[in-house]
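Residue strings, one per chain:
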Amino acid sequence: MQIFRPRGTTDILPEEARKWQSIEEEIRNLCRIYGYGEIRTPVFEATDLFHRGVGETTDIVEKEMYTFLDKGNRSLTLRPEGTAPVARAYLENRLYAAPQPQKLYYIGPMFRHDRPQAGRYRQFHQFGVEIFGAEDPAADAEVITLAVEFFGRLGLTGLTLHLNSVGCPECRPVIREKLVGYFEALIWKCCPDCRIRLAKNPLRLLDCKEEHCREVGRGAPNPLECLCVECSAHFAQVRHYLDLLNIAYELNPRLVRGLDYYTKTAFEILIPGGGAQDAVGGGGRYDGLVGAIGGSPVPAVGFALGLERTLLLMKNKADPDAVAGPDAFVVLAGDTADAATRLVARLRGAGLATDRDYTGRSLKAQMKYAGKVGARYVVIVGEDELEGGNVALKDMETGRQTEVLLEEVVERLRRVLKK
Ligand code: AMP
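Residues numbered from 1 in each chain as written. Predicted model: local features only at pLDDT ≥ 70, side-chain atom pairs only at ≥ 80, totals over all residues. Heavy atoms only, no water.

Participant: Help me get a handle on the overall build of the protein chain, residues and values and all.
Facilitator: Regarding its fold elements, the protein chain presents 15 helices and 16 strands. Scaling as 2.2 N^0.38, a compact globule of 419 residues should have a C-alpha radius of gyration of about 22 Å, whereas the protein chain reaches 28 Å, well beyond that. Each of the 419 residues in the protein chain was classed as buried or not, and the buried ones make up 49%. For the protein chain, the proportion of contacts with a sequence separation of at least 24, taken over those separated by at least 6, is 69%. Counting only carbon and sulfur atoms, one obtains 52% of the accessible surface of the protein chain, whose full area is about 21,000 Å². A distance of 2 Å separates the average location of the 55 positive side-chain charges in the protein chain from that of its 57 negative side-chain charges. (Helix = DSSP H or I, 4+ residues; strand = E, 2+ residues; numbered from the N terminus. Rg over C-alpha atoms; globule rule 2.2 N^0.38 Å. Buried < 20%, exposed > 50% of the residue type's maximum accessible area, 1.4 Å probe, protein only. Contact = heavy atoms within 4.5 Å. Areas by Shrake-Rupley, 256 points an atom, 1.4 Å probe, with all protein chains shown as cover. Lys, Arg positive; Asp, Glu negative; His and termini not counted. Charge placed at Lys NZ, Arg CZ, Asp CG, Glu CD.)

Here it is, written out as structure tokens:
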């Protein structure tokens, strides 16, 4: 019986993979310009990391984790997000002892047991950045700017930036209390999840996706009006820097994000009209995270962007670099396998993208295939020509064919291809 890929996963085939590569190139280039170093952490971590670093009351921890016992009876979890692992690595590798701030980025697969649909998968990829050891609101503004510039460079306009502040351990209790006071009398109108949230994490009552819960939430107290002096000042500075850099945003007091470790700034980048899967990325400040996973508190800010959703947005756009076929395709005519094999090796050794036939098909069929894969030149290694030390070189653009000395074909191709 045939075996299929697990539900919610995708195969990225070569044509699609080229798009991934070009996005990844953009990411690496941008991160270099902004001064972030790449970090690669394991795909699985101790389950506890996510319980403590993401939060017990989040959807991720409550419902979506791929958790398993390994053969040593340790509970491990396929990482559902990148920030807690990076914070764990920051602590474990004593990056706090290096000059601060530490600016890190990652690209990699994440795993969540979500209900699969367009733009929502069980294995998906995120690009994220984190700055550890910077309290300055200018750091918040920097990561937001980086996210906005990333989408801008990909030519994705029309996204909107939503901005909020969720307070800190000083003002969060005030926000909580006001929200509980408001929702208590109305909670019977809300969904079962919201009834649990009221007790466990009332801030999340604000971001329920159920329409009738949102309706109830419309009259709720505005968290932005409950911020302490420090959080207010911080938020004002973040906004000031964004204004300074001409980055447009909308204030969204309902934006609370799913994760417990967020403090102060929270932001999301939304696709207008994107429906339930309307966020392409989000982030914020998480001054509580490093402390929550066992370190001394370190201020930190970052974001995670979804690459599948980014690619979906790019689908309508022209492919920036259309399929590049090989520089040369070596066609075998007659008993010339040895000469062709050597020639292919020499062409590749010279850095030319080269392919050849492996199916034993006719000369005509090989030529047709070379055309299909977009070869720029075809080198025909034929028995008769080879006796005179020659091969035929065909320019697939002009159709012109010339005889060239076998010894000179590599040099000739390098010259005409300027490689
Ligand atoms: P989050 O860590 O939940 O804030 O997610 C950040 C971004 O990752 C989202 O805005 C999405 O673009 C992407 N993302 C999150 N969950 C999924 C998923 N199940 N499938 C595809 N992309 C996702």
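Participant: Describe in detail the sheet that holds strand 6 (residues 123-132), supporting the description with residues and values.
Facilitator: Across the sheet, eight strands lie side by side as 1-5-6-11-10-9-7-8; this open sheet has mixed pairing. Of all the strands in the sheet, just strand 1 (37-38) and strand 8 (250-251) have a single pairing partner and so form its edges. Two strands pair when backbone bridges link them, and strand 9 (residues 263-270) and strand 10 (residues 279-285) are joined in this way by six bridges, in the antiparallel orientation. Within strand 10, the residue paired with Glu268 across the bridge is Gly282. Sitting on the sheet, helix 1 (residues 14-34) touches strand 1, strand 5 (102-111) and strand 6, and the angle it makes with strand 5 is about 160°. (Pairing = 2+ DSSP bridges. Axes fitted to C-alpha atoms, helices over the stretch in contact; angles between N-to-C directions.)

Participant: Requested: an account of a negative patch on the surface, with residues and values cited.
Facilitator: There is a patch of like negative charges on the surface, built from Asp335, Asp338, Glu383, Asp384 and Glu387. By residue number, the principal contributor to the negative patch is helix 14 (residues 383-387), which donates three residues. Exposure remark for Asp335: the relative accessible area of 68% places this residue in the exposed category. (Patch = residues over 30% accessible without salt bridge, like charges linked within 9 Å, V, L, I, M, F, W, Y side chains within 5 Å. Salt bridge = Lys/Arg side-chain N within 4 Å of Asp/Glu carboxyl O.)

Participant: Go over the sheet that holds strand 13 (residues 354-356) with me, naming the residues and quoting the values.
Facilitator: With mixed pairing, five strands are arranged side by side in an open sheet as 13-12-14-15-16. With partners counted over all chains shown, the strands left at the sheet margins are strand 13 and strand 16 (401-405), one partner each. If you compare each strand with its neighbour and ignore which way they point, the axes differ by 25° on average. Pairing analysis gives three bridges linking strand 12 (residues 328-333) to strand 13, with the strands arranged parallel. Counted as the bridge partner of Phe329 is Asp355 from strand 13. This element, helix 13 (residues 363-372), spans strand 12, strand 14 (377-382) and strand 15 (390-395) of the sheet and lies at about 175° to strand 12. The strands touched by helix 15 (residues 409-417) are strand 12, strand 14, strand 15 and strand 16; relative to strand 14, the strand with the most contacts, the crossing angle is about 170°.

Participant: Describe the side chain of Arg79, with residues and values.
Facilitator: Relative to the assigned elements, Arg79 resides in the loop between strand 4 (75-78) and helix 4 (83-92). Within the structure, the side chain of Arg79 is placed 2.8 Å from the backbone oxygen of Pro109, a separation counted as a polar contact. (Polar contact = N/O pair within 3.5 Å; in protein donor to acceptor, adjacent residues only side chain to side chain.)

Participant: Residue-level account of helix 15, with values.
Facilitator: Every buried residue of helix 15 is listed here: Val409, Val410, Leu413 and Leu417. Seen end-on, helix 15 carries its buried residues on one side only, within an arc spanning 100°. Residues of helix 15 that are buried in the fold lie against strand 12, helix 12 (337-349), strand 14, strand 15 and strand 16. Once helix 15 finishes, Lys418 follows within two positions and takes phi at roughly 55°, a positive value. (Arc of directions from axis to C-beta.)

Participant: Tell me about the nonpolar core, and name the residues and values.
Facilitator: Phe127, Phe132 and Phe150 are the most contacted members of the largest nonpolar core, which has 94 residues in total. By residue number, the principal contributor to this core is helix 5 (residues 137-153), which donates eight residues. Excluding residues within four positions of it along the chain, Phe127 makes contact with Ile27, Cys31, Tyr105, Tyr106, Ile107, Leu146, Phe150, Phe303, Ala304, Leu305 and Leu307. Residues Ala328, Ala350, Leu352 and Tyr377 belong to the second largest nonpolar core, which totals 21 residues. (Core = buried A, V, L, I, M, F, W, Y, C linked by side-chain atoms within 4.5 Å.)

Participant: Just give me the short version of the site of the ligand, but keep the residues and values in it.
Facilitator: The environment of the ligand is made up of 14 residues, and the closest members are Arg112, Tyr121, Gln126, Arg257 and Val280. Between the ligand and the protein, one listed contact pairs an oxygen atom with a side-chain N or O atom of Arg112 at 2.9 Å. Take Gly306: an N or O atom from its main chain is 3.3 Å from an oxygen atom of the ligand. In the complex, 90% of the free accessible area of the ligand, which totals 480 Å², lies under the protein chains. Put simply, the parts of the chain that give the shell around the ligand at least two residues each are strand 6, strand 10 and strand 11 (300-306). No other element matches strand 10, which puts three residues into the shell around the ligand. (Near = heavy atom within 4 Å.)

Participant: Outline the side chain of Gln126, supporting the account with residue identities and numerical values.
Facilitator: One can find Gln126 in strand 6. The class for Gln126 is buried, based on a relative accessible area of 8%. When neighbours within four sequence positions are excluded, Gln126 is seen to be in contact with Glu81, Gly82, Tyr106, Ile107, Gly108, Met110, Arg112, Ala304, Leu305 and Leu307.

Participant: Account for the environment of Asp140, naming residues and giving values.
Facilitator: Of note, Asp140 is situated in helix 5. Asp140 sits in the buried class, given a relative accessible area of 0%. Discounting chain neighbours no more than four positions away, the residues touching Asp140 are His234, Val238, Thr265, Arg285 and Val301. A distance of 2.6 Å separates polar atoms of two side chains, one belonging to Asp140 and the other to Thr265.

By themselves, these are just geometric observations and shouldn't be taken as functional.
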